[in-house]
Amino acid sequence: MRRLFPLPVPPPPAPDPANPEVAAAALADREWTLDELADAYAYPAAGDPVRAGRPGWLRANMVSSMDGAAHHEGRSQPLSSEADMRIFGVLRALADAVVVGAETVRQEGYRPARAREAFAARRAAAGQQPAPAIAVVTAGLGLDFSLPLFTEPLVPTLVVTGAGAPADRVAAARAAGVEVLFAGEGLGADPARVVAVLAERGHTRLLTEGGPRLLGQFAAAGVLDEMCLTLAPVVAVGGAPRVMNGPAVPVPERFALASVLEEAGFLFTRYRRS
């Protein structure tokens, strides 16, 4: 893996004629450690001006083919790579909660997030639980509450919906021991209120993994703060949606490029709200 942007400051040392192998190693494309990746993707601190007036920080992580497909035959794994999965794991390990839509939970077979020893000290120092909570955003609560995501989580799974959600399904969730949070008055959750509701629970470092519809709703509501987009060097064609598939915005919103990493032709980009 190598960093393409921003360039190192100060720049790498000039090659040392006396130690050419050492100098070459310093500049080589190499596998980054988990700590290096965690530092590179660290959330902005609570006092950072970029977070002023925002209850939490909502980061998205998605992968796209060269032709804009968000998945292949319903799953994102065919577009991914070993490096992409390393970054996926790091982003999860940094988050308080992973926010995901119910359809993605069903399509991708979501399981509870696990604690990872490599990040235990970092999470403890940040006052975080051993693993991120999974927060499922759903309108109808058409979920199987007997699945491990709800019965075996290290940190209790949350369901986020609207106050108008079907009462019988809310009751079924609670009977299964699932905590239901209301973020809106309608049938489903109001995307603009999800971040605030989770922040009230202490989950201020948020990661959403989609799907495209939920991510599009967050973007249109103006609550998406950061986009981590992996561009895979593959062509998928077909009818897969884009990484965002939500209501149109009156004016396209501009994000600023924060960093670009590269490995094996995959580009790992990170954009922040400008």
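Residues numbered from 1 in each chain as written. Predicted model: local features only at pLDDT ≥ 70, side-chain atom pairs only at ≥ 80, totals over all residues. Heavy atoms only, no water.

### Details of the overall build of the protein
Secondary structure assignment for the protein yields nine helices and 10 strands. The C-alpha radius of gyration of the protein comes to 20 Å, within 12% of the 19 Å expected for a compact globule of 274 residues. The principal-axis extent of the C-alpha atoms belonging to the protein is close to 75 × 45 × 35 Å. Taking all 274 residues of the protein together, the buried fraction comes to 43%. Sequence-distant contacts in the protein: of pairs separated by 6 or more residues, those separated by 24 or more amount to 70%. Mean positive and mean negative side-chain charge positions of the protein (26 and 29 charges, respectively) differ by 5 Å. (Helix = DSSP H or I, 4+ residues; strand = E, 2+ residues; numbered from the N terminus. Rg over C-alpha atoms; globule rule 2.2 N^0.38 Å. Buried < 20%, exposed > 50% of the residue type's maximum accessible area, 1.4 Å probe, protein only. Contact = heavy atoms within 4.5 Å. Lys, Arg positive; Asp, Glu negative; His and termini not counted. Charge placed at Lys NZ, Arg CZ, Asp CG, Glu CD.)

### A closer look at the nonpolar core
Ranked by internal contacts, the top residues of the largest apolar core, which has 74 residues, are Y41, V99 and L198. Considering each element in turn, this core owes the most residues, six residues, to helix α3 (residues 82-94). Once residues within four sequence positions are removed from consideration, L198 is found in contact with V99, A135, L158, V160, L181, H203 and L206. (Core = buried A, V, L, I, M, F, W, Y, C linked by side-chain atoms within 4.5 Å.)

### Structural notes on unusual backbone geometry
Residue F5 is joined to P6 through a cis peptide bond whose omega torsion reads -5 degrees. Locating P6 in the fold gives a position in the loop between β1 (2-5) and α1 (20-27). We note that L141 has phi near 55 degrees; this positive angle belongs to a residue other than glycine. Among the structural elements, L141 can be located in the loop between β4 (133-137) and α6 (148-151). L141 sits in the buried class, given a relative accessible area of 0%. One non-glycine residue, A264, lies in the positive phi region at around 55 degrees.

### A look at the environment of Y271
Its place among the elements puts Y271 in strand β10 (residues 266-273). Sequence-wise, Y271 and P6 are 265 residues apart; in three dimensions their C-alpha atoms are separated by 12 Å.

### Side note on the environment of A219
Inspection of the secondary structure assignment puts A219 in helix α9 (residues 212-221). When the C-alpha atoms of A219 and A192 are compared, they prove to be 9.4 Å apart, with 27 residues separating the residues in sequence. In contact with A219, not counting residues within four places along its chain, are L224, M244 and E253.

### So, the packing of helix α8 (residues 191-200) against α9
Two elements in contact, α8 and α9, have axes separated by 7 Å at closest approach and are oriented at 90 degrees. Judged by the inter-axis angle, α8 sits roughly perpendicular to α9. On the side of α8, the interface is formed by P191, A192 and V194, while α9 contributes Q217, F218 and A221. Partitioned by chemical class, the residues of the contact of α8 with α9 number five nonpolar, one polar and no charged. (Axes fitted to C-alpha atoms, helices over the stretch in contact; angles between N-to-C directions. Parallel < 35°, antiparallel > 145°, perpendicular 65-115°, else oblique. Nonpolar A, V, L, I, M, F, W, Y, C, P; charged D, E, K, R; others polar.)

### Details of the packing of α3 against helix α5 (residues 117-125)
One can describe the packing of α3 onto α5 by two numbers: an axis separation of 10 Å at closest approach and a directional angle of 30 degrees. Considered as vectors, α3 and α5 are oriented roughly parallel to each other. Of the two possible hands of crossing, α3 and α5 adopt the one that is right-handed. Contacts from V90, R92, A93 and L94 in α3 reach F119, R122 and R123 in α5. (Left-handed = near helix turned anticlockwise from the far one by under 90°.)

### Here we look at the pairing of β10
Alignment of strand β8 (residues 226-231) against β10, held across six bridges, turns out to be antiparallel. Bridge pairing in β10 links L231 to L267. As defined by bridge partners, strand β9 (residues 255-263) adjoins β10 across eight bridges and the pair is classed as antiparallel. Bridged to S259 within β10 is R270. (Pairing = 2+ DSSP bridges.)

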